[in-house]
Amino acid sequence: MIDSYAAARLIANRGDLRRKAVNFKRGHDVRLTPELRSKIEKVIVETQADFEASAVEALRNLKDAWNSASLNSVGRARYYEWIYDVAMDLKGQGSLFGYPLVTLYADVLKNLVAGLTHPTSRLHAIIGLNIDALGIIIRRRITGPGSTLERRVAEALREAYVKMRLRVPSEVAVEHKVATAVRQLDGKRPTVVAPELKDTARQWPTGTRLPVK
């Protein structure tokens, strides 16, 4: 699980990944000729390293936002809005650069945090595990559709979304299922989620520490 004691940092401007996308500043003719397809594929290959670097930074921002939401119950909705924005960028860029699992996990993440204000500790923990799963894919540069392990994580995350956001009853302890799937993906055993801390966070993203009462 992500370290909930880590200090929050200033999150990068929204759309950072978008600015590194293919043809963000200049468009192309909508007619996809073989020559145009070849040019686009060449640009994608040449800019893949830029995407991977941006994805690492996006992951750092996701962790910071999640940590800040853990440490500060005031203004929590703002942190989830940042997670939503970063997840949307990752979703849109992942498949384009050969990382469909990034798109898949980011899509579930944006659904988990969409419009979220006061989640339960269990839902917040699952959001952290979703970010962990994205981190594994990004750090290990796992391209393509992945194996059974990666698909099992996606299945567990979707089930968590259905149960905890759509309120569909389930007898399965989804948080344990998600934790087990992510830890197996990372080659580790499930760990106990740290308790939520309050009134100890930095005011994020400005970096001003709140007084402890």
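This text goes with the structure placed above it.
**A look at unusual backbone geometry**
We note that Arg 141 has phi near 55°; this positive angle belongs to a residue other than glycine. Looking at the element boundaries, Arg 141 is found in the loop between helix H5 (121–140) and helix H6 (148–164). Accessibility expressed as a relative area gives 54% for Arg 141, which makes it exposed.

**Quick look at H5**
Counted at 1.5 Å a residue, the expected span for H5 with its 20 residues is 28 Å, and the 29 Å between its end C-alpha atoms agrees. Within H5, 16 of the 20 residues are buried, leaving the element largely enclosed by the surrounding structure.

**Examining the packing of aromatic side chains**
By the definition in use, this model includes two aromatic pairs. Judged by centre distance (5.7 Å) and plane angle (45°), the ring pair of Phe 51 and Tyr 99 falls under tilted. You can see Phe 51 sitting in helix H2 (residues 34–71) and its partner Tyr 99 sitting in the loop between helix H3 (76–94) and helix H4 (100–113), a full 48 residues away along the chain. A relative accessible area of 3% means that Phe 51 is categorised as buried.

Calculation criteria
- For every chain, the first residue of the written sequence is number 1, and numbering continues from 1 along that sequence.
- Totals for whole chains, interfaces and linings use all residues, but because this is a predicted model, local features are given only for residues with pLDDT of at least 70 and pairs of side-chain atoms are given and counted only at 80 or more.
- With hydrogens and water excluded, all non-hydrogen atoms of the structure serve as input to the side-chain values.
- Under the DSSP-based scheme used, a helix requires at least four consecutive residues in state H or I and a strand at least two consecutive residues in state E, with every element numbered from the N terminus.
- A 1.4 Å probe rolled over the protein chains alone gives each residue an accessible area, and that area as a share of the maximum for its type sets the label: buried under 20%, exposed over 50%, partly exposed in between.
- What a helix is expected to span follows from its residue count: subtract one and scale by 1.5 Å.
- The rule is short: rings of Phe, Tyr and Trp, with Trp giving its six-membered ring, pair when the centres are within 6.5 Å, and they are stacked under 30 degrees, edge-to-face over 60, tilted in between.

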